[in-house]
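Coordinates in review
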Amino acid sequence: MEEDLYDEDEDTPCYSCAGREFNYVQGMLADEEGEPVEVIYLRLPCGCTADRMRVILGDLIKVAG
């Protein structure tokens, strides 16, 4: 983590995400046998953006694709 990420002089809207509005979560891709193949980083929305989140109803494949 960068040391100057949380400067006291700077007015950041959220201490958790430092104004990025998301946090990184580590994930892993696996092959057919379940062995790890690649490490990936996912962007998870921060709680400070909860007022802008919306619920999407329906089939996940139809919504995403």
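You'll find the structure just up there.
Quick look at the structure, then. (Residues numbered from 1 in each chain as written. Predicted model: local features only at pLDDT ≥ 70, side-chain atom pairs only at ≥ 80, totals over all residues. Heavy atoms only, no water.)

**A closer look at the overall build of the protein**
Defined as follows: By definition, any uninterrupted DSSP run of H or I lasting at least four residues is a helix, any uninterrupted run of E lasting at least two residues is a strand, and each is numbered from the N terminus. Each residue gets one of three labels from its accessible area relative to the maximum for its type: buried under 20%, exposed over 50%, partly exposed in between, using a 1.4 Å probe on protein chains only. Surface accessibility follows the Shrake-Rupley procedure with a 1.4 Å probe radius. Residue values consider only the protein chains on display as shielding.
Check the secondary structure of the protein and you find one helix and two strands. When the helices and strands of the protein are read in sequence order from the N terminus, they spell out β-β-α. A burial count over the protein gives 11% of its 65 residues as buried. For the protein, the accessible area works out to roughly 6100 Å², and carbon and sulfur atoms hold 51% of it.

**Some thoughts on the packing of aromatic side chains**
Note the cut-off: Stacked, tilted and edge-to-face are the three classes applied to pairs of Phe, Tyr and Trp rings, where Trp contributes its six-membered ring and a pair requires centres within 6.5 Å; stacked means planes under 30 degrees apart, edge-to-face means over 60, and tilted covers the rest. Distance and angle both matter: a charge sits over a ring if NZ of Lys or CZ of Arg is within 6 Å of the ring centre and within 35 degrees of the ring normal.
Counted under the stated rule, the structure contains one aromatic pair. Relative to Tyr 24, the ring of Phe 22 lies with its centre 5.3 Å away and its plane at 85°, an arrangement referred to as edge-to-face. Relative accessible area serves as the criterion here: at 14%, Phe 22 is assigned to the buried category. The exposure class of Tyr 24 is exposed, given its relative accessible area of 52%. The lysine or arginine in question, Arg 20, covers the ring of Phe 22, its NZ or CZ lying 5.7 Å from the ring centre.

**Comments concerning the pattern of salt bridges**
The cut-off we apply is this: The salt bridge definition used is simple: a Lys or Arg side-chain nitrogen within 4 Å of an Asp or Glu carboxyl oxygen.
Within the structure shown, the criterion is met by one salt bridge. Here Arg 52 makes a salt bridge to Glu 21, at a shortest N to O gap of 3.0 Å. A residue pair is termed long-range when its members are at least 10 positions apart, and Arg 52 in the loop between strand S2 (36-45) and helix H1 (60-64) and Glu 21 in the segment before strand S1 (22-30) qualify at 31 residues.

**As for a nonpolar patch on the surface**
Stated formally: Patch criteria: residues need more than 30% relative accessible area and no salt bridge. Like-charged residues are merged within 9 Å; nonpolar side chains of Val, Leu, Ile, Met, Phe, Trp and Tyr are merged within 5 Å.
A cluster of nonpolar residues, Tyr 24, Met 28, Val 39 and Tyr 41, forms a patch on the protein surface that exposes about 460 Å² of accessible area. Elements with a minimum of two residues in the nonpolar patch: S1 and S2. Topologically, Val 39 is positioned in strand S2.

**Topic: the pairing of S1**
Two faces belong to every sheet, and in a regular strand the side chains alternate between them. Worth spelling out the cut-off: Pairs of strands are assigned from DSSP output, requiring at least two bridges between the strands.
Note: S1 against S2, nine bridges, orientation antiparallel. Each bridged residue has a counterpart across the sheet, and for Val 25 the counterpart in S2 is Leu 42. Hairpin connection from S1 to S2: five residues lie between these consecutive antiparallel strands, with Gly 34 at a positive phi of about 90°.

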